[in-house]
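Below, each chain spelled out in residue letters.
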Amino acid sequence: DPLEAIERFKAAVAKIPNVKADPAPEVNLLDINLVGPVISVRPYAANEHYWQVYFDTNEAIVRTCKEAGWPAPTPSQIIRQM
């Protein structure tokens, strides 16, 4: 459920040190493709904290997915021959 994922990601990113509360982190449904929904996660931070926030955000996304029990995206395609 992409909407559940968005809420979980918002909560996880908000807990990361040095993520600005204003503007609040953006978490949006960016696209839907053959693999599934693509969610963008954009936290804001001061320049001196950019890389720490960047890597902590990636870890938070992986941790959130693991805790939720979501499988890794796996490309698949159904081809019907007539």
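These numbers come from a predicted model, not from an experiment.

**Q** Explain the pattern of salt bridges to me, and be specific about the residues and the numbers.
**A** One pass over the structure, following the stated rule, counts 2 salt bridges. Here glutamate 4 makes a salt bridge to arginine 8, at a shortest N to O gap of 2.8 Å. Taken as a pair, glutamate 4 and arginine 8 lie in helix α1 (residues 2–14) at a separation of 4 residues, close to a single helical turn. A relative accessible area of 33% means that arginine 8 is categorised as partly exposed. Note that arginine 63 is salt-bridged to glutamate 59, the shortest N-O span being 4.0 Å.

**Q** Give me the pairing of strand β1 (residues 26–32): which residues, what numbers.
**A** In this sheet, strand β2 (residues 37–42) lies alongside β1 in antiparallel orientation, the contact comprising 6 bridges. Counted as the bridge partner of asparagine 28 is serine 40 from β2.

**Q** Pulling in residues and values, what's your account of the packing of aromatic side chains?
**A** In the structure shown here, the tally under the stated rule is 6 aromatic pairs. Aromatic pair phenylalanine 9 and tryptophan 70: ring centres 6.3 Å apart, planes at 85°, arrangement edge-to-face. Here phenylalanine 9 is found in helix α1, whereas its partner tryptophan 70 is found in the segment after α2 (50–68), with 61 residues between them in sequence. Judged by its relative accessible area of 7%, phenylalanine 9 is buried. The exposure class assigned to tryptophan 70 is partly exposed, which follows from its relative accessible area of 27%. Here tyrosine 54 and phenylalanine 55 contribute two aromatic rings whose centre-to-centre distance is 5.2 Å and whose plane-to-plane angle is 85°, an arrangement assigned as edge-to-face. Among the residues examined, tyrosine 54 registers a relative accessible area of 37% and is labelled partly exposed. Accessibility expressed as a relative area gives 46% for phenylalanine 55, which makes it partly exposed.

**Q** Lay out the layout of surface pockets in plain terms, naming residues and giving numbers.
**A** Computed from the structure, the largest pocket encloses a volume of approximately 510 Å³. Pro37, Ile39, Cys65, Trp70 and Pro73 are the residues nearest the centre of the largest pocket, which is lined by 18 residues in total. By residue number, the principal contributor to the lining of the largest pocket is β2, which donates 5 residues. Residue composition of the lining of the largest pocket, grouped by class: 14 nonpolar, 3 polar and 1 charged. The wall of the second largest pocket is formed by Val41, Arg42, Pro43, Tyr44, Ala45, Ala46, Tyr50, Val53, Tyr54, Thr57, Asn58 and Ile61. Of the residues that constitute the lining of the second largest pocket, the class distribution is 9 nonpolar, 2 polar and 1 charged.

The rules behind each value
- Residues numbered from 1 in each chain as written.
- Predicted model: local features only at pLDDT ≥ 70, side-chain atom pairs only at ≥ 80, totals over all residues.
- Heavy atoms only, no water.
- Salt bridge = Lys/Arg side-chain N within 4 Å of Asp/Glu carboxyl O.
- Helix = DSSP H or I, 4+ residues; strand = E, 2+ residues; numbered from the N terminus.
- Buried < 20%, exposed > 50% of the residue type's maximum accessible area, 1.4 Å probe, protein only.
- Pairing = 2+ DSSP bridges.
- Phe/Tyr/Trp six-rings, centres within 6.5 Å; stacked < 30°, edge-to-face > 60°.
- 1 Å grid on protein atoms, 1.4 Å probe; cavity = no way out; pocket = protein on both sides within 12 Å on 5 of 7 lines; lining within 4 Å.
- Points joined across faces, edges and corners; volume = space filled by probe spheres on them.
- Nonpolar A, V, L, I, M, F, W, Y, C, P; charged D, E, K, R; others polar.

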